[in-house]
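So you can see what is in the structure, the chains are spelled out below.
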Amino acid sequence: MVWTGTWVAERLGVELIGDEELPALLGLALRRNPKRAHLLVSSVLGKHVPQHPSVVYGSGLGLGLRVRELLGDEEAGRAVVLGYAETATALGHAVADGLGTAPYLHSTRRPVAGAATAGGFEESHSHATSHLLLPEDPELLAGEGPLVLVDDEFSTGNTVLNTIRGLHERYPRDRYVVVALVDMRGPADRDRLTAFAAEIGARVDLLSLAAGTVGLPDGVLEKGQELVARHESARPAAPATRSRTKPASDASATPAAPVRVPLDWPAGVPDGGRHGFTPAHRARLEEALPAMTAALTEALTPPAQAPDQSPAGGPRVLVLGFEELMYAPLRLAGALEDAGLDVRYSTTTRSPVLAVDDPGYAIRTRLVFPAHDDPADGPGERYAYNVAGGGFDAVVAVVDSAADTPELHGPDGLLAQLAAHVPRVVLAVVPSYTPRRQPQSQPQAATEPMAASEAPERSSMLPEPLRGPAFSSYAPEEVGWLLQDLSDVELEAPTEEREEAIQSGGAHYAESLPVEYQPSARYQELFHSALDASAARIAHAVGTVTETVLAERSGRPVLVSLARAGTPVGVLMRRWARHRHGLDLPHYAVSIVRGRGIDANALRWLAAHHDPADVVFVDGWTGKGAITRELAAALRESEEFAGFDPEIAVLADPGSCVRTYGTREDFLIPSACLNSTVSGLISRTVLRSDLVGPDDFHGAKFYRELEGADVSVAFLDAVEARFDEVADTVDTDVKELLAGDRTPTWEGWAAVERISEEYGIHDVNLVKPGVGETTRVLLRRVPWKVLAKRGAGADLAHVRLLAEQRGVPVEEVDDLPYTCVGLIHPQYTRGATGADGKAVVSR
């Protein structure tokens, strides 16, 4: 077989030097470009040369597996993959698929209305230089895990260095991995990358299928330009179709009209990685591929089979992608190939390349047609190479809806050009994905390099979330606190003083904080024994609620925990999603205050950075459902927040107040046993007019001084250690749960009203049902008595201990829907007495 670089090598003296695999991976062509004469044409990329989709996808997938092996599972689980437009968009996608757990983003030359620009960079040798980064999730590139950069070839390294330099200034990290099909750098370029890595203090690895260099003689650029000019003037831009080995049809027949096939693309799944693509998106695409494949197969089967079919017994099909839209058509092509069709895959391109009909030249034929997606840089020519004369019986043109324009269907458009050379043309349109958040900034100018680019505009006057270790003992990626730091403000008051002020109407409970005491040795021992006994039970509930959320929320849910009881649960749900599915879910904590509503500024920040429809509110447990009602009322009363779903996902729902829960059993959740020392050392949230202005987040304190007693991470690690143990039962239980009736009965609310009347309290706010709420009464309020379900065992050990320490009677009762109920002292004053005739005070 003739090497497809022979023609150029003989005329210009260009040669490939290096690994013996290079000639099988690369051919040569001549650019119509004043910056570089030659073009390395990949035979496995699926851009200019039609190739089996299994070869194209397999090349990237294999590289992704090598990256995972290089990084190890832990580092690979933190990685993000960045591909380059336009040629490497599908390659980068396939590398991300090989990694398995990595979200993917590719650069783009298409500004998108409503999409904020996270950066841009220059590709100096390209015919179209400016790349934009438009992630829907502004934090996609902000993590500290490895960044994997994927391009089809690594020639000088300038593009990659420009990218890393710009991103490293904004999002520094310790490790980068550069992936390419071929590494064609010279010694000086290799040394430059080594020096650059040392300069920024990061490790930079490089993986490729083969390596070598391109030998270029003196004056090659001028000779190449002269050769291109001579051939361009000697023949038309689109050479005549060369003869087929076996004609698929009568070439003189009138071209048939293109057939449009409804794809039924899965809703909410992006058409590619322009704004980010997650493993969850890939899973949904995998589920939808069989139905889409069936629709395409039906459209590719003519009403009457022609006798001169391809040797495989069916039509020879080309699936033709569209510029940056490479991954979706590649996966469709691969599905058709798996279904037994004889399929090749390639895409249209912006790249102007000379076509020479010679077996020793990589670009044999060229179709020319006008751009049909209203490009930002104006109208221009686009190209499809090696399609005419390729012996195809049918072509499936896959475009996104932004490109399904009159120009596509015009007399000189792509479809007409295809129909002139291929008997059957099928059009499949993938809906263009547009980021659903609406940032207030305009896209960055297309010519602005990364070094000078602006970060996305943030909500006016609102700061970025607080993160550990500066605020909280959680790792920074575990949660972002949409709060202001009031650590230097004296907010604590004695329990009895707070209770009297609250019940007298002189103050709201959120205007001060209870004193955070160091837990006694006996109590810490109780916590650890409770955690040992219930870790698997909690892990099961975490898995159940997380899998329910993932099943019912398309795309990438954004976890928003209600600080602070909900925050450990939100962190655990995030850990489950990552452990089981490789998903890196955003997680924030916000304040909600009974009687005052949820922090409106926190919601505004969330709406500016994420689609409100993706937000899932998370709490620890339900008691009587007061917070559930508070959230629903707050969102219902403001049209500004109509896009948020008021449904709360909770670990435990003993009050039967929500649809999304891990369990409805009332059992000990050890995070309810302690205060800040199990919640990242963060206080309850504070809302006081002299501290929280109209443009501020609610406040909270970080108790750094309690670091010695902090068990926040130990609690999380103990539960996560049981994830694998409970995984199978979670999967089974979630299926049953989703198929059953989860309608809230609100039986907890009814029980609270009954207890309030029976015990003469006449205020449901002073009745705190459930183990978690009872614990909080004993820790933070002035308790009157505890009602315990007769026969309750170990789940109440810590409640009995706290009650004993505070001199609070525990009354065993029947017909209690909860394990226990805590009663706050009604009409409390510091002269009030408890059931034993003594004043109930903290001890």
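Per chain, residue numbering runs from 1 following the sequence as it is written. pLDDT decides what is reported in this predicted model: residues at 70 or higher carry local features, side-chain atom pairs at 80 or more are listed and counted, and totals for whole chains, interfaces and linings draw on all residues regardless. Side-chain figures throughout are based on the complete set of non-hydrogen atoms in the structure, without hydrogens or water.

S.K.: Which parts of the structure should I look at to understand the pairing of strand E3 (residues 38-42)?
M.R.: Every other side chain in a regular strand lies on the same face of the sheet, so the side chains alternate between the two faces. E3 sits mainly inside the fold: five of its five residues count as buried. Buried, partly exposed and exposed residues are distinguished by accessible area as a fraction of the type maximum, computed with a 1.4 Å probe on protein chains only: under 20%, between the cut-offs, and over 50%, respectively. Only DSSP runs of H or I with at least four residues qualify as helices, and only runs of E with at least two residues qualify as strands; both kinds are numbered from the N terminus onward. The two faces of E3 match: His-38, Leu-40 and Ser-42 on one face and Leu-39 and Val-41 on the other face are all buried. As judged from the five bridges shared by strand E2 (residues 26-30) and E3, these two strands associate in the antiparallel manner. Bridge pairing in E3 links Leu-26 to Ser-42. Paired strands, as defined in this entry, are two strands with at least two bridges between them according to DSSP.

S.K.: It is not clear to me how the sheet that holds strand E4 (residues 80-83) should be interpreted in this structure. Could you clarify?
M.R.: Sheet strands associate in pairs through backbone hydrogen bonding, adopting either a parallel or an antiparallel arrangement. Reading across the sheet, the six strands line up as E1-E10-E9-E8-E4-E5 and stay open at both edges, with mixed pairing between neighbours. The two strands at the open ends of the sheet, each matched to only one other strand, are strand E1 (15-18) and strand E5 (104-106). When strand polarity is set aside, the average angle formed by the axes of neighbouring strands in this sheet is 25°. Sheet topology places E4 next to E5; three bridges connect them, and they run parallel. Bridge pairing in E5 places Val-81 opposite Tyr-104. Note on contacts: a residue pair qualifies if any of its non-hydrogen atoms lie within 4.5 Å across the two residues. In this description, a line fitted to the C-alpha atoms serves as the axis of each element, helices being fitted only across the stretch in contact, and the angle between N-to-C directions of two axes falls anywhere from 0 to 180 degrees. Most of the contacts of helix H5 (residues 158-170) go to strand E8 (residues 147-154), to which it runs at about 160°, and overall it touches E4, E8 and strand E9 (175-183). Relative to the sheet, helix H6 (residues 187-200) contacts E8, E9 and strand E10 (203-215), its axis offset from that of E10 by approximately 165°.

S.K.: Any chance you could explain H6 here in plain terms?
M.R.: Given 3.6 residues per turn, any residue in an α-helix points the same way as the ones three and four places further on. End to end, H6 covers 21 Å across 14 residues, agreeing with the expected 20 Å (1.5 Å per residue, within 8%). The complete set of buried residues in H6 reads Asp-189, Leu-193, Phe-196, Ala-197 and Ile-200. When H6 is viewed along its axis, its buried side chains cluster within an angular range of 100° and face the same direction. Across H6 from its buried face, at more than 90 degrees, point the exposed residues Pro-187, Ala-188, Asp-191, Thr-194, Ala-198 and Glu-199. As for H6, its buried residues are in contact with E8, H5, E9 and E10. Following H6 by one or two positions, Gly-201 adopts a phi angle in the positive range, close to 70°. One less than the number of residues in a helix, times 1.5 Å, gives the span that helix is expected to have. By construction, the arc corresponds to the directions joining the helix axis to the C-beta atoms.

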